[in-house]
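Overview (structure and organization)
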Amino acid sequence: MNRRKSVAAVSTVAALAMTLAACGSSSGGGSSSSAAATSASASASASASDSGGGATGDPIVLGTTLPLTGPLGVFGPPIQAGYEQAVAAINAAGGVDVGGTKRPLKLVIKDSKSDPTVVTSTTKSLITDDQAVALLGSVTPPLTIPFSVVADQEQIPAISSLTPTLAWKGASAAGWKYAYDVFVDEVEQTAVNFQASDLVENNKKVYLFTDTEEDGKAMGGLWEQQASKYGYTIVGRSNFPPGTTDFTQFVQKAKDSGADVVIAQIIPPDAVALWKAMKALKYQPKTAWPEKAGTVGFNQAVGPLAEGASVFGWWAPKNGNEGGQAVYDANKAQFGDGLGTACVIAAYAMVQIMADAITRAGSTEPDAINTALAATKDLPTVLAKITIGPDHRAVTPVNAVQWQGDAQPIVWPADQATAKMLAPVPGLAP
Amino acid sequence: MTAEALVNGALLGGLYALVALGLSLVFGIMRVVNLAHGIIVIAGAYFAIVITRQVPVDPLLTFLVVGPAIFLIAALTQRLLLQRLIGQSLEAPLVATFGLLLVGQGLFTYVFGTSPLSMSAPWAQNSISVFGMSILTVNMVAFALAVAVIIATQLVLTRTRFGAALRASASDPETASTLGVNINKMHALTFGIAASIAALAGIVYGTGLSVNPNDALPMLVLGFTVVVMGGVGNVPGTLVGGVLVGVVAAAVGGLIGPVYSPIAVNVLLLILLLVRPRGLFVRTTPRKPKTPAVTPNAATPAEVAA
């Protein structure tokens, strides 16, 4: 092979690899088929069922596609655990009463690889190949929206959590018909950063680091809108594509702006890079919020630098839930004393809501379940008391948690707080 | 954009060069496009993470164990797998190395999960003031390592008998073989050395930033970008390519916005492929038409014989 051919070969392969990487690393919507999509090594398909407890009828198939691998893979295992534990508990208690017959639940799980394209294909597969009569969602708008689109197209009831509800609602101009979302409202969520920052004395100046994914754009806009309402000023905002590694000059900008509050809405690897740059450049804000990234495993990712990083939370022992503490206690050893276990709880509650709807429907016909789901009112779950609104959203209470050691105690609101907020952010001390 | 940003970008380019160097070596000497390169970088970081979790040492010291371990694994992989495929077709090593990448990703996902992990070191959490600019020490360490490794590699290739044998095995394998150069051994050593350099890059990357199995493909793309810019097989050009990527990303990020940094780097790459398809630092008219796209001053069989 001569030199020209060699260079051409490298160039061709480079272009191919760039295409593959662009697709494989995307967690935004609209990406085409990818290396991850075709990767057999990373795929996973599992099913879980427990027909104990006296259930006699045919299993009711619930399908879910979870990010067990890929950039959002940290969320997959706790969601999977929540679904499996709820199914096991319901089956152990006799199954779901469908028109007088106790029927066990059967859970079918597929790996979405954190890829919206794979979410679409696996959700369709759950319906057509696995005969799922109802669907359970995963996490974040980029994954939940394509999942909900398939549910609406195929007219199969689907319920999700861990997906801020306004972004999800806004993705369907005509309104969702078969899809539901049970989680916090972004307006309340973005207010938490300001309200909780008020716990410590600060200069009310905020610097935003947001990425170019849907939630980065939407949340950044909401923080900008909400700041003045709470007496804060956004003194700067830097937008980044996912995968950014060099934050140096933008951290310097934030430091020069004198912002006492840093809020970031970026994926975990980028947040690690951002936190390390802040530490190296000796920038120690009073409060710092690695939203999305700081939820699960942030302490493993950045070590001691995580100390004092705060994020919004969605579960508290005293938020009106029923049985949540038992699920929390059973899982915190595995998923941590914080939001990892709160993911388990959110998932667990989705099964409770769907099982309740099936019972009230008295049938496993999708339309009957859908009608019953829409009528869910004051249902006690391990997450909170759930009422689904006419826009298919159920808005749950929000709070603020902070990394303190390996735990994430609640620091706001005061009536639910389990620890005091540490400030300035200890992990970023020069 | 400030001078500080450009200097930090340029120094970060040293890390990019370190990531790319092994890719360039393997292609230059073995003519193999190693699609597994990204996962080797990641492997270096994960090996170091395992060690630092057991023994609280500076991550760079783990290279004393990680470097030889990765060298051994890579050399064995070359002897047992790639050696059988090289020369059969262009596609066979491509598919094999891509398969290795996927296997590696699956393995690391199984063992470590997909959450990013990183290591701590004092040099990765500090900055120093130089002429009023805050320079990240991690960038300085990365650049210094890149310069040291690139100079050492260049010296070995051009000033030692081993280097002459390597260049001869790339330049004219058949003749070199008749003169006593063990081509398979040269290829195994090349693959092992390149993998060790990649592992060193992984250690620095995993300390300064973080690693997760999904980084393998972006790492490969970064390596290709730097290699193509600097010139395929051109060892010093790798450093220049890395610095160029770092500076362009920092400049565009500061002037227009970080959203445009990767776009600018890729546009620059495409322009270079159009106007300098062999890279910035490779002669457009080779002195010897049959000299392959290898290392500079490819050794002739006569040099080896001497």
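Just so you know, these numbers come straight off a predicted model, no measurement behind them. (Residues numbered from 1 in each chain as written. Chains lettered and ligands numbered in written order. Predicted model: local features only at pLDDT ≥ 70, side-chain atom pairs only at ≥ 80, totals over all residues.)

**Topic: the overall build of chain A**
Rules: Put simply, DSSP marks the helices as runs of H or I at least four residues long and the strands as runs of E at least two long, and each gets a number from the N terminus on. Each residue is classed by its C-beta neighbour count within 10 Å, where at least 20 other C-beta atoms makes it buried, 12 or fewer makes it exposed, and intermediate counts make it partly exposed; the C-beta atoms are placed from backbone geometry.
Counting its regular elements, chain A contains 14 helices and 18 strands. Expressed as a percentage of its 430 residues, the buried residues of chain A come to 62%.

**Some points on the packing of helix 7 (residues 186-197) of chain A against helix 8 (residues 214-226) of chain A**
Residue and element names in this part refer to chain A. The test is simple: Helix axes are fitted only over the stretch in contact, all axes being lines through C-alpha atoms; the angle between N-to-C directions runs from 0 to 180 degrees. In these notes the angle categories are as follows: under 35 degrees is roughly parallel, over 145 is roughly antiparallel, 65 to 115 is roughly perpendicular, and the rest is oblique. Note: crossing handedness is left-handed where the near helix turns anticlockwise from the far helix by less than a right angle, and right-handed where it turns clockwise. Note on contacts: residues are paired as contacts if their backbone-placed C-beta atoms lie within 7 Å.
Close contact between helix 7 and helix 8 brings their axes to 9 Å; oriented N to C, the two are set at 60°. By the angle class used here, helix 7 and helix 8 are oblique. At the point where helix 7 passes helix 8, the crossing takes the right-handed sense. On helix 8, the residues that touch Glu-186, Val-187, Thr-190, Ala-191, Asn-193 and Phe-194 of helix 7 are Ala-218, Met-219, Leu-222, Trp-223 and Gln-226.

**Description of helix 1 (residues 3-30) of chain B**
Residues and elements named next belong to chain B. Rules: To estimate how far a helix should extend, the number of its residues minus one is multiplied by 1.5 Å. Two axes enter the bend calculation: one fitted to the seven residues ending at the residue in question, the other to the seven starting there, and the bend is the angle between them.
Counted at 1.5 Å a residue, the expected span for helix 1 with its 28 residues is 40 Å, and the 40 Å between its end C-alpha atoms agrees. Of all the bends in helix 1, the greatest measures close to 35° and is centred on Ala-20. Where burial is concerned, most of helix 1 is hidden: 25 out of the 28 residues are buried. In the segment just after helix 1, Arg-31 is the residue with positive phi, at about 60°.

**Concerning the pairing of strand 2 (residues 60-66) of chain A**
Residues and elements named next belong to chain A. Threshold: Any two strands with at least two DSSP-identified bridges between them are counted as paired.
Burial analysis of strand 2 places seven of its seven residues in the buried class, which makes it a mostly covered element. The alternating pattern of strand 2 places Ile-60, Leu-62, Thr-64 and Leu-66 and Val-61, Gly-63 and Thr-65 on opposite faces, both of which are buried. By the bridge criterion, seven bridges tie strand 2 to strand 5 (residues 105-111) in an arrangement that is parallel. The residue of strand 5 that forms the bridge with Gly-63 is Val-108.

**Observations regarding the domain arrangement of chain A**
Residue and element names in this part refer to chain A. Threshold: The domain boundaries here were taken from an automatic or database domain assignment. Here the term charged refers only to Asp, Glu, Lys and Arg, the term nonpolar to Ala, Val, Leu, Ile, Met, Phe, Trp, Tyr, Cys and Pro, and the term polar to all other amino acids, Gly among them.
Domain assignment breaks chain A into domain 1 (41-184 + 319-397) and domain 2 (187-313 + 400-428). Elements with a minimum of two residues in the side of domain 1 that touches domain 2: helix 5 (141-154), helix 6 (165-170) and helix 13 (339-361). Looking at which element gives the most residues to the side of domain 1 that touches domain 2, the answer is helix 13, with four residues. For the side of domain 1 that touches domain 2, the per-class residue count stands at twelve nonpolar, five polar and one charged.

**Comments concerning the confidence of the model for chain B**
Residue and element names in this part refer to chain B. Put simply, the rule reads: Along the chain, pLDDT gives the predictor's confidence residue by residue, from 0 to 100.
A residue-level look at chain B finds 92% of positions with pLDDT of 70 or above and a mean pLDDT of 87. Within chain B, the element-level pLDDT minimum falls on helix 12 (residues 301-305), averaging 50, and the maximum on helix 2 (residues 37-54), averaging 96. Below a pLDDT of 50 lies the segment residues 289-298, which in the model reaches 31 contacts outside its immediate sequence neighbourhood of four places, other chains included. Prediction confidence for the complex, expressed as pTM and ipTM, is 0.81 and 0.83 respectively.

**Notes on the sheet that holds strand 13 (residues 310-313) of chain A**
All names here are of chain A. In spatial order, the strands read 13-17-18; together these three strands make up an open sheet with antiparallel pairing. Of all strands in the sheet, those with a lone pairing partner are strand 13 and strand 18 (410-412), marking the two edges. The average angle at which neighbouring strand axes cross in this sheet is 45°, direction not considered. Sheet analysis places strand 13 next to strand 17 (residues 399-402), joined by four bridges and oriented antiparallel. When the sheet's bridge partners are listed, Phe-312 is paired in strand 17 with Ala-400. Running at roughly 80° to strand 18, helix 7 makes contact with strand 13, strand 17 and strand 18 of the sheet.

**Observations concerning unusual backbone geometry**
All names here are of chain A. Cis peptide bonds are those with omega within 30 degrees of zero, and the linkage from Trp-412 to Pro-413 qualifies with 5°. Summarising the element assignment, Pro-413 is placed in the segment after strand 18. One non-glycine residue, Gln-131, adopts positive backbone phi at about 60°. If you trace the backbone, Gln-131 turns up in the loop between helix 4 (116-128) and strand 6 (134-136). Given 12 C-beta atoms within a 10 Å radius, Gln-131 is considered exposed. At Lys-282, a residue that is not glycine, the phi angle is positive and equals roughly 60°. Look at Lys-282 and you get partly exposed, because 15 C-beta atoms sit within 10 Å.

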